[in-house]
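Each chain, letter by letter, is given below.
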Amino acid sequence: MAEEKEGGEIEESVIELEKLSISKIKIKKVGHLRDFIPISQLKTVTNPLQNNPNYRPTDAFYISPSSDILLKQVLYDLSGTNQYPPYGYGFAYHRAGPRKLVYFDPDEVKAAIVTCGGLCPGINTVIREIVVGLSDLYGVGQIFGISSGYRGFYSFDPVLLTTKMVHNWHKQGGTALETSRGGFDLSRIVDSIEHHGFNHVYIIGGDGTMRGAVKIYEEICRRKLNVAVAGIPKTVDNDVGVIDQSFGFQTAVESAQQAINAAHVEAESAVNGIGLVKLMGRSTGHIALHATLSSRDVDCCLIPENEFFLQGKGGLLEFLERRLKEIGHAVVVVAEGAGQELIPRTEEEQQQDESGNPVFLDVGVWLKSELNKWWKRDHPGELFTVKYIDPTYMIRAVPANATDNMYCTLLAHSAIHGAMAGYTGFVAGRVNGTYAYIPVKEVAETKNMVDTMDHKWAWVRSITNQPDFQNT
Ligand SMILES: Nc1ncnc2c1ncn2[C@@H]1O[C@H](COP(=O)(O)OP(=O)(O)OP(=O)(O)O)[C@@H](O)[C@H]1O
Ligand SMILES: O=P(O)(O)OC[C@H]1O[C@](O)(CO)[C@@H](O)[C@@H]1O
Ligand SMILES: [Mg+2]
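Quick caveat: nothing in here was measured; it's all calculated off a predicted structure. (Residues numbered from 1 in each chain as written. Chains lettered and ligands numbered in written order. Predicted model: local features only at pLDDT ≥ 70, side-chain atom pairs only at ≥ 80, totals over all residues. Heavy atoms only, no water.)

Student: Break down the pattern of salt bridges for me, citing the residues and quoting the values.
Tutor: A full pass over the atoms with the stated rule returns 25 salt bridges. The shortest N-O distance in the salt bridge between D185 and R188 comes to 3.9 Å. A relative accessible area of 25% means that D185 is categorised as partly exposed. A residue is classified by how much of its surface remains accessible, and R188, at 42% relative accessible area, is partly exposed. Between E445 and K441 there is a salt bridge, and its shortest N-O distance comes to 3.2 Å. You can see E445 and its partner K441 sitting in helix α11 (residues 440-445), 4 residues apart, about one turn around the helix. Judged by its relative accessible area of 58%, E445 falls in the exposed class. Taking the relative accessible area as the measure of exposure, K441 reaches 42% and is therefore partly exposed. Each of D191, E194, E219, R222 and R223 takes part in a single network of salt bridges with overlapping partners. (Salt bridge = Lys/Arg side-chain N within 4 Å of Asp/Glu carboxyl O. Buried < 20%, exposed > 50% of the residue type's maximum accessible area, 1.4 Å probe, protein only. Helix = DSSP H or I, 4+ residues; strand = E, 2+ residues; numbered from the N terminus.)

Student: Let's hear about the packing of aromatic side chains: which residues, and what values?
Tutor: Tallied over the full model, the rule gives 12 aromatic pairs. Seen in terms of ring centroids, Y55 and F61 are 5.8 Å apart; in terms of plane orientation they differ by 65°. Their pairing is edge-to-face. On the basis of relative accessibility, which here comes to 34%, the residue Y55 falls in the partly exposed class. Considering the side-chain rings of W374 and W375, the 5.3 Å spacing of their centres and the 85° angle between planes classify their relative orientation as edge-to-face. In this pair, the class of W374 matches that of W375, namely buried. An aromatic cluster of three or more residues is present, and its members are Y55, F61 and Y62. (Phe/Tyr/Trp six-rings, centres within 6.5 Å; stacked < 30°, edge-to-face > 60°.)

Student: So what's going on with the packing of helix α1 (residues 123-138) against helix α10 (residues 402-420)? Which residues, and what values?
Tutor: Relative to each other, α1 and α10 sit at 50°, their axes nearing to 8 Å. Taken together, the axes of α1 and α10 are oblique relative to one another. Crossing geometry of α1 relative to α10 is assigned as right-handed. Two secondary-structure elements touch here, α1 through T125, V126, E129, I130, G133, L134, L137 and Y138 and α10 through N405, C408, T409, A412, H413, I416, H417 and M420. (Axes fitted to C-alpha atoms, helices over the stretch in contact; angles between N-to-C directions. Parallel < 35°, antiparallel > 145°, perpendicular 65-115°, else oblique. Left-handed = near helix turned anticlockwise from the far one by under 90°. Contact = heavy atoms within 4.5 Å.)

Student: Describe in detail the domain arrangement of the chain, supporting the description with residues and values.
Tutor: Considered domain by domain, the chain is made up of domain 1 (20-248 + 400-455) and domain 2 (249-396). Each of domain 1 and domain 2 was reduced to a C-alpha centroid, and the two centroids are 36 Å apart. Each side of the interface is counted separately: domain 1 has 24 residues, and domain 2 has 24 residues. At the boundary of domain 1 with domain 2, total buried surface from both sides reaches about 2,000 Å², with 49% on carbon and sulfur atoms. A salt bridge links E354 to R151, with the nearest nitrogen and oxygen atoms 3.6 Å apart. (Domains from an automatic or database assignment. Buried area = accessible area lost by both parts, 1.4 Å probe.)

Next comes the structure, spelled out in structure tokens:
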């Protein structure tokens, strides 16, 4: 058992397994074609990588069916006194990677790729790597793009994608397949999959898209179709649960720095200058939080997970007053979903987009106006300026950076290996730094919010000294 020294240091030692706080591990089962198609009707072949001169795989190269990984439960509190995060239970997912036996003859694979929801850096890389991976690793020749999101299944003809066509796509922002919101018509989508004879369906999208993917997967099971459904989670907001981080998120945080730098320069160069930056984040503040932590020029970070208020003791205005007095300027970063309950909204204003997501009022415009009103009221005649920067789509409509490009490639390859192995209704994602197959249902139901109780938010507060807005 690990011993704690007086100085709080844990001595190197062997830990007896029965003393671990994790007493049970639950393996999250991913769907497989075997679950609903009789084995006699499934074709299994040796993985073509076996004969690929670039790989020369040994047996250890393949992931064995029993190879699983642990989720987030490492050796936390061995004393068992700390109940956060919960103890006594661990989760495991199947590791992603090539299997020795595959459930499709590559000559018979007909793959469809669709992108849905908002943009995110790296979507084109994922598409490119699915095409190149299927073709180069497995020798698949029939790969099709579905245009314009889910509606494209029944509204447009699929487009044949070749490695030649996609070779440069990783250098481009956006999605070459185009995307859209709404338009989810389950029976028409699955009819189209059947009609075109697709047996691999790769779905790239966020939480909404994954909820759609669950329904497609379930309908495919119900119809007993020999079709593998694979999801690759995408969302610039980083709000998809279970996985470590969404691809493209890091690129977006990096792009946001330019706006924060500009706000800082403008604020610093004015008398009582406030630089105000609004960043994407519909219901989660991950972009704002990470951009704040990496910039260090931010004085206050406002996110949807931590309600704020303007007036009175402990409010934003009191804080900014003090900051202006101390250093003459301030930079405020606000996530677009923050403070929505404070902004007056008329009955007629649109409440939802085509996918049913809430449409937000512009918290930046509102805040700028409130700040101006406050200063005029409390400091008439004194110089003051608010420079409002709203980079909106500029942080997500960019190509992925090098790290995100690598990440997208590994996600795409993980998805391909999973589908070839006959897994279905799964999402390829990175969990604890390892690539895994996660049931799509779980991803669709889990949301990754900023945990304002954990060290990251405390770190934001310690570098900004902003109020906690708890009204005490
Ligand atoms: N509950 C659901 N059932 C079926 N389809 C859904 C559901 N929710 C959303 N969709 C469909 O998924 C697609 C994308 O959804 P949405 O616009 O919410 O984006 P998203 O995938 O969450 O991505 P992001 O939030 O990153 O923009 C749309 O075509 C929408 O109709
Ligand atoms: O204007 P659009 O493309 O519908 O999407 C905007 C939303 O999409 C997101 O970028 C998520 O994809 C949110 O941050 C933002 O609220
Ligand atoms: Mg979403």
